[in-house]
Amino acid sequence: MNKYLRRGLLLSILGIFIVYGGYIMMNSEIKLYKVAMILGVLVFSWGFVTIVYSLIRKIERKSIIDARHEEEEKENR
């Protein structure tokens, strides 16, 4: 697990907890629940984008390694 995937999962889970806290605040009729909800959605979204970024990096890294391996095989022939 790379640092981007770990960070993305942490942010996503944190965003879910913040939104849940917003629901609790809404039921308690605390006016700041709207801010908590917005913040939770933003944190969750940033975590999701970070997870997708880590997957793209993994795929790109694998394709670069494959390309280098093919170049080595061509040079050895």
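Just above, that's the structure.
This is a predicted model, so every value here is computed, not measured.

Parameters and conventions
- Residues numbered from 1 in each chain as written.
- Predicted model: local features only at pLDDT ≥ 70, side-chain atom pairs only at ≥ 80, totals over all residues.
- Heavy atoms only, no water.
- Patch = residues over 30% accessible without salt bridge, like charges linked within 9 Å, V, L, I, M, F, W, Y side chains within 5 Å.
- Areas by Shrake-Rupley, 256 points an atom, 1.4 Å probe, with all protein chains shown as cover.
- Salt bridge = Lys/Arg side-chain N within 4 Å of Asp/Glu carboxyl O.
- Lys, Arg positive; Asp, Glu negative; His and termini not counted.
- Charge placed at Lys NZ, Arg CZ, Asp CG, Glu CD.
- Helix = DSSP H or I, 4+ residues; strand = E, 2+ residues; numbered from the N terminus.
- Buried < 20%, exposed > 50% of the residue type's maximum accessible area, 1.4 Å probe, protein only.

1. Some thoughts on a negative patch on the surface
- A surface patch of like charges, here negative, comprises Asp 66, Glu 70, Glu 71, Glu 72, Glu 73 and Glu 75.
- Assignment of secondary structure puts Glu 70 in helix H2 (residues 33–76).
- Taking relative accessible area as the criterion, Glu 70 reaches 49% and is therefore assigned partly exposed.

2. Quick notes on the environment of Phe 48
- As for its position among the elements, Phe 48 is in helix H2.
- Look at Phe 48 and you get partly exposed, because its relative accessible area is 49%.
- Along the primary structure Phe 48 and Asn 27 are separated by 21 residues, whereas in three dimensions their C-alpha atoms are 27 Å apart.

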